[in-house]
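Inside the fold
Here is what each chain is made of, one letter per residue.
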Protein chains: 6
Amino acid sequence: MKGHVLIKKLLLTGATGSMGTAIRPLLAALAETVVVSGRRDITDLMPHEESRKASLDSADDVLRAVDGCDAIIHLGGYSVEGPFHPIMQANILGLYNIYEAARANGMPRILFASSNHVVGYHPQAEVLDNTALPRPDSLYGVSKVFGEALARFYFEKFGQQTAILRIGSCFDKPVDHRMLSTWLSYRDFVAFARAAFTVPVLGCPIVYGASANDRSFWDNSKSNYLGWQPQDNAEAYLAEVLQAVPNPDPNDPLHLFQGGKFTDIPILKEGNHD
Amino acid sequence: MKGHVLIKKLLLTGATGSMGTAIRPLLAALAETVVVSGRRDITDLMPHEESRKASLDSADDVLRAVDGCDAIIHLGGYSVEGPFHPIMQANILGLYNIYEAARANGMPRILFASSNHVVGYHPQAEVLDNTALPRPDSLYGVSKVFGEALARFYFEKFGQQTAILRIGSCFDKPVDHRMLSTWLSYRDFVAFARAAFTVPVLGCPIVYGASANDRSFWDNSKSNYLGWQPQDNAEAYLAEVLQAVPNPDPNDPLHLFQGGKFTDIPILKEGNHD
Amino acid sequence: MKGHVLIKKLLLTGATGSMGTAIRPLLAALAETVVVSGRRDITDLMPHEESRKASLDSADDVLRAVDGCDAIIHLGGYSVEGPFHPIMQANILGLYNIYEAARANGMPRILFASSNHVVGYHPQAEVLDNTALPRPDSLYGVSKVFGEALARFYFEKFGQQTAILRIGSCFDKPVDHRMLSTWLSYRDFVAFARAAFTVPVLGCPIVYGASANDRSFWDNSKSNYLGWQPQDNAEAYLAEVLQAVPNPDPNDPLHLFQGGKFTDIPILKEGNHD
Amino acid sequence: MKGHVLIKKLLLTGATGSMGTAIRPLLAALAETVVVSGRRDITDLMPHEESRKASLDSADDVLRAVDGCDAIIHLGGYSVEGPFHPIMQANILGLYNIYEAARANGMPRILFASSNHVVGYHPQAEVLDNTALPRPDSLYGVSKVFGEALARFYFEKFGQQTAILRIGSCFDKPVDHRMLSTWLSYRDFVAFARAAFTVPVLGCPIVYGASANDRSFWDNSKSNYLGWQPQDNAEAYLAEVLQAVPNPDPNDPLHLFQGGKFTDIPILKEGNHD
Amino acid sequence: MKGHVLIKKLLLTGATGSMGTAIRPLLAALAETVVVSGRRDITDLMPHEESRKASLDSADDVLRAVDGCDAIIHLGGYSVEGPFHPIMQANILGLYNIYEAARANGMPRILFASSNHVVGYHPQAEVLDNTALPRPDSLYGVSKVFGEALARFYFEKFGQQTAILRIGSCFDKPVDHRMLSTWLSYRDFVAFARAAFTVPVLGCPIVYGASANDRSFWDNSKSNYLGWQPQDNAEAYLAEVLQAVPNPDPNDPLHLFQGGKFTDIPILKEGNHD
Amino acid sequence: MKGHVLIKKLLLTGATGSMGTAIRPLLAALAETVVVSGRRDITDLMPHEESRKASLDSADDVLRAVDGCDAIIHLGGYSVEGPFHPIMQANILGLYNIYEAARANGMPRILFASSNHVVGYHPQAEVLDNTALPRPDSLYGVSKVFGEALARFYFEKFGQQTAILRIGSCFDKPVDHRMLSTWLSYRDFVAFARAAFTVPVLGCPIVYGASANDRSFWDNSKSNYLGWQPQDNAEAYLAEVLQAVPNPDPNDPLHLFQGGKFTDIPILKEGNHD
């Protein structure tokens, strides 16, 4: 099926990041025009794309990026652990700028890329649903708790609808045992975006972003009304993972908590990052 | 598979209504004889059918209808919003008559057609299981809360077993976005009846009556012991629904609460109904 | 403390019943005028009282009783097990009449006398809060489930506020072991009415109506925002109860379920009642 | 796929029992060597097998059986209701011996065959997850509650990892209506063992041991992180079961509680067993 | 108030232990005769007492001790961590003997002294109610999980009623910071026994045995129907505790888990105990 | 009782605010020296006080303020709704500075003044415990969600202990109906600080900061282990409140949600604030 195109202009922030780059080709199925936005200008535009460079900590940049869009996929900002200041500028001030720009533009729906790292200190031997208490594993994770709270606040006060997706591991394919649980394929991500943008009433749900993995840590049954049915299953890559990592070390931080190695990163200072 | 016929005489009330009419042909697989009952005499009888006209508010009529039956599908009564008095006669007094008649007839199992309208004021952006608190959206919905309570009372006091099915939208096919969540196909309904009548011990479970829809609002995992596995999925009709309703209005009452348009109906008085 | 009188005209239905008679003298502290209403005319009026005879199944009677009142204590109707028809007339049709009359009169707050018999089949060795599932023990209890659902429906649809009080045993004093758990003193009842009528926003809470009994089956912590703090404790009457019933029989239905002897009453027919 | 063999030496206790005998041929896929252990010597060894006779109540026997093994499937002990003393020797003292031997041998992972009889007094019309309270239906069931607690204790104090499998009915195929809910196929059991032994971090989960039966009483979603996906479904044997038992008696203890007939067995004394 | 004496003959096991010795003088208020039983003969009998020496692992001894009693306080058995074998003999075989003896004697009510050590691995910074999962901290704690399960089994199968009291620290007074949370005064213990033996229907509740301590880890609201209202509060001893332990060490195992120092005891072997 | 002084040097941030000013005199009972810190120098020092001016957004200032302190009461930062930038500087960057300074100083315990505005969009007719989902009512409330998440992160990663107090209304006395539910007296606040600083193990609990008010919206039973027993009750001021506000308007935002008027404040921009 070709798919139903409801969106005229879709903004994709973080379009220059690796996940943004990977999903760009798939977004043509969602919208007539995709505004791709990042900190750098994007020059390899596809016919349906338009580039709007923006630094998230600039309210003006963000306002220009959002202008005229009727849906937003917000991948932009810091997506790994780092020093506090740039995380704050990108993920906290930057997110406030996104929501204010959306409010000034008729409140298009937002798909907010939150992260499993908001619940990263829950053990892997536990299955979470969307009532799990936040246990962030990093300053990055804390910034995403802020983001989820900001989304909720705009929903309660103004009716701004957001799909909060706590993304697991969105890569080409799973490459270690943890990703057998946390992997999210690109096409399952895009299917989620379609569901979030086309369901008549979205609300402000929290959903875990993983494919239909046999070993998932997460239970999305409470947001089933969205109708998102992921199609991929990391288990298909089991043989590859076992070849790469035949004997996973049970004491490796990768396996203790849901956030994996993030729980093992110290506080980074701006000097010692990079 | 032809199916295992355990039931000698099955009573179908509400047999002249649209749902009753639609499922009649499917009931031959469940029972040797189907007693079809409604407020009008039924003349287009199939070979396995027998007609017993009954007005639910007449204890005598109901007693005659139930006589000798070893299972009851109770669709009868008011099935939409209406003025209070006829709802009370049909759904409250009428149900009492059904349970008293069943008690006088060896307590055949009852499939009671309750309704999603008992929980109609829960938002659509919420997934319910059978512990959800009643939030009826209509006098009709209130009458079904009564019915569920009456069924429970007869179960606790006398051991009368009832399958309470909170029917979503039982029609040929889904025709709007809400029905993508709430649709129940006729054959899934009949499969439910089979499960309810053949499981060795039924109890008095509350089950949501929807097919295996991708977008279901409802979680039946707590009644899984019945073994009911619906086969249809409203999503198969997505293209048709989108063609009919390309841009559903998010402010339409149809989409705000689970009960859809019922939440928007005023109290009807007998004069202004019809 | 003398108490703050906010209510100009308070309607008391069921004023000729034993509970109504007992609380009448205490209501002067709540309202300037108390309209006392029952199926009989009341002639022993106190200076602040006014009598309005009404049969609950008469919409006109009820409309006249409610007229001009800014608060309602609805004790009226059948308050014990009985045949179905009169219960339906008084507790089902009668309650609908009350809510319609309230809607026509600016929606004064209602204190609805529900009953522990809506949860009467829960065992006594279990402590319930207001999320307990209904397990009515009698046709009377089923009628009260209807009443709670009707109250909820008018709250959701019209904003009508009701305090649903699942009354335990409202008598002079506890006289058996079950009442050591379920007793509600008259002054604690009236204190509840004051709380319900004066809290700025009431909502539609379900509260168990028992004094601060050591042995209470019920936990009202989820409606604590009302500020109701019952003062009496059935345990003060322990010696008296033990003198009357030194050796309670553990197999007596009085002690098995929360509803006590109601669980042991058969279905009553109109002929055999009285 | 051939399957990934991580285990060098796997101990199977209870290898002479009927379930042990049935799964022995399937264990070659899990381990290089399988140490088969029971109260009798096993002589029909397959090439990958080694026999170590052991009486569970002998600490020395058990130590010898466990020596050098890097995984344990503990089926040994009493697996039906019986007199207390031999159950205590086999399932209580015997299990302590297993855990002490494991502790002395580097704490290989243990798959502990617990039983649905630890929750046998829950009604069949109820779906349980792993937070259900223990309601054992037999001395045997009580001994398994002990076993689960011992496993948990060794996990908390020493980090010993155990997969607790509350086995339903592990037989060739389901032969009555209860087994349509509780059946566990041999290959699904072995797939569970593989999952438990290969997941990087196991923890000490409680899992219900049933195949993917339509009518399952049990919900394993809280241990989904293990990635166990049973393949069989008892419903495939429905026709056979119906032929054998066309009209199951609803008052048969087989159908009232999850533990089936175990709830109907009296306390057995050593004299009257056999 | 003198107290209502319902019990003719009350058995106290463990009467020679320190807790048994301390409560003996208080039991005259509960029963006409108190049978004091322990592994040694008791010679300092009070007028209302009778001595019956019994070794719990002897079914005959236990039968003689229980003979003719209409209530049992079972404190007997191992009450601290120890080697497995004697714990099994006293707390597992011994408890089975108690329940079989009770069954042979008309099933007098039993107050079973369970222990906080069944949930000893829950952190102190957590408040538990009686649905908390078992996390025993010792072989002793595991034996008490067995005991609770056995009590439950006899309740489900035979109707034997037991009050399961998870005793915290039953001593003269609290002497360290943990006991400010866990202390149970002797008189509060005896008040609990009175409640358990006199409530018309007891059931088989799990209750935490602590006085009304400001810092309690435990919430007994789910067993409130018993009417037990402890009177003492460990906080009254705060000054004494602070004088003895002015600076409690936060890394002391005493303070990490609810079980305190028990979590820090290794497995004891019979040779190294004593 | 004079009180036990365990703390040598206690830091109070926000000491120049109204709440800080009010509690300063009470802190002498908690610590030998109180370091009072705010954006202005404090000159009216009491003998046990020492002043350290600090701007929270300056890491150096904060490090100097925390230096040598063994406990921190962190009231500093924005405590009302305002424009985003200064809230971010004070409550987000400022809090990060506090936690980093604490980490550099041996991790003294922190009492973090969070706010009821993190759950401000829950209705007043609902009682919350500490598992309630965040529903912030203001940018201020969102900044406090960030703060709670940061506290949790430092607890999980480094073991930094924090008492998170969601303060209701900490003023001299309640002055409107909402404060009858939310009032926290100064002495109850200080008693909470004492409990948090002296309990052997604190953890990272979330506690609602209200006195023992009859009408509290909040249930702190899950943090009962702290032993905090507030002494005051807003109800003592009922007469005063009623005199000031005899007829509270039920449609006033003050009464709809727990956050009161905060839910009615628009997004403030820096230009239009002040």
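Here is what the cut-offs are and how they apply
- Residues numbered from 1 in each chain as written.
- Chains lettered and ligands numbered in written order.
- Predicted model: local features only at pLDDT ≥ 70, side-chain atom pairs only at ≥ 80, totals over all residues.
- Heavy atoms only, no water.
- UniProt positions renumbered as here; feature names shortened; annotations may be inferred.
- Helix = DSSP H or I, 4+ residues; strand = E, 2+ residues; numbered from the N terminus.
- Rg over C-alpha atoms; globule rule 2.2 N^0.38 Å.
- Buried < 20%, exposed > 50% of the residue type's maximum accessible area, 1.4 Å probe, protein only.
- Contact = heavy atoms within 4.5 Å.
- Areas by Shrake-Rupley, 256 points an atom, 1.4 Å probe, with all protein chains shown as cover.
- Expected span 1.5 Å × (residues − 1).
- Buried area = accessible area lost by both parts, 1.4 Å probe.
- Salt bridge = Lys/Arg side-chain N within 4 Å of Asp/Glu carboxyl O.
- Polar contact = N/O pair within 3.5 Å; in protein donor to acceptor, adjacent residues only side chain to side chain.
- Phe/Tyr/Trp six-rings, centres within 6.5 Å; stacked < 30°, edge-to-face > 60°.
- Lys NZ or Arg CZ within 6 Å of the ring centre and 35° of its normal.
- Least-squares fit on C-alpha atoms with pLDDT ≥ 70 in both.

In the annotation of an unreviewed UniProt entry, chain A is listed under the name Uronate dehydrogenase and assigned to Pseudoprimorskyibacter insulae. What the UniProt record of chain A gives under Sequence similarities (unreviewed entry) is the line "Belongs to the NAD(P)-dependent epimerase/dehydratase family."

**Observations regarding the overall build of chain A**
For chain A, the count of helices and strands is 8 helices and 9 strands. Whereas a compact globule of 274 residues would reach a radius of gyration of roughly 19 Å, chain A reaches 18 Å, a difference of no more than 12%. Principal-axis analysis of the C-alpha atoms places the extent of chain A at approximately 50 × 50 × 40 Å. Counting every position in chain A, which comprises 274 residues, the buried fraction comes to 63%. Sequence separation of at least 24 residues holds for 67% of the intrachain contacts in chain A that already meet a minimum separation of 6. In the structure as shown, chain A presents an accessible area of about 9700 Å², 52% of it carried by carbon and sulfur atoms.

**Concerning helix α4 (residues 139–158) of chain A**
All names here are of chain A. An ideal rise of 1.5 Å per residue puts 28 Å on 20 residues; α4 measures up with 28 Å between its terminal C-alpha atoms. Across the 20 residues of α4, 17 count as buried, placing the element largely inside the fold. Directly beyond the C-terminal end of α4, a positive phi value near 85° is found at Gly-159.

**Structural notes on the interface of chain F and chain A**
Bring the parts together and some accessible area is lost; that lost area is often taken as the interface size. With 34 residues of chain F in contact, the opposing surface of chain A contributes 34 residues. Between chain F and chain A, roughly 2900 Å² of surface is buried when both sides are summed, and carbon and sulfur atoms account for 72% of that area. Taken together, the links from chain F to chain A amount to 4 salt bridges. Here F:Lys269 and A:Glu100 are joined by a salt bridge, their closest N and O atoms 2.5 Å apart. Across the chain F-chain A interface, the total number found is 12 residue pairs in polar contact (both at pLDDT 80 or more). Residue assignment for the side of chain F that touches chain A shows that the elements contributing at least two residues are α3 (84–103) and α4 (139–158) of chain F.

**Let's talk about the packing of aromatic side chains**
Counted by the stated rule, this structure contains 72 aromatic pairs over all chains. In this structure an aromatic cluster arises from ring pairing among A:Tyr99, A:Phe153, A:Tyr154 and A:Phe158. Geometry around B:Phe158 places B:Arg103 over its ring, the cationic atom sitting 4.7 Å from the centre.

**Describing unusual backbone geometry**
Here C:Met107, not a glycine, exhibits a phi torsion of approximately 55°, which is positive. Residue placement: C:Met107 occurs in the loop between α3 (84–103) and β5 (109–115).

**Structural notes on the relation of the copies chain D and chain B**
Its rotation angle being 120°, the transformation that places chain D on chain B also includes 0.0 Å of axial translation and leaves an RMSD of 0.0 Å. Those values place the two copies in the arrangement expected of a three-fold rotation axis. No C-alpha of chain D lies nearer the rotation axis than that of D:Ser221, which sits 6.0 Å from it.

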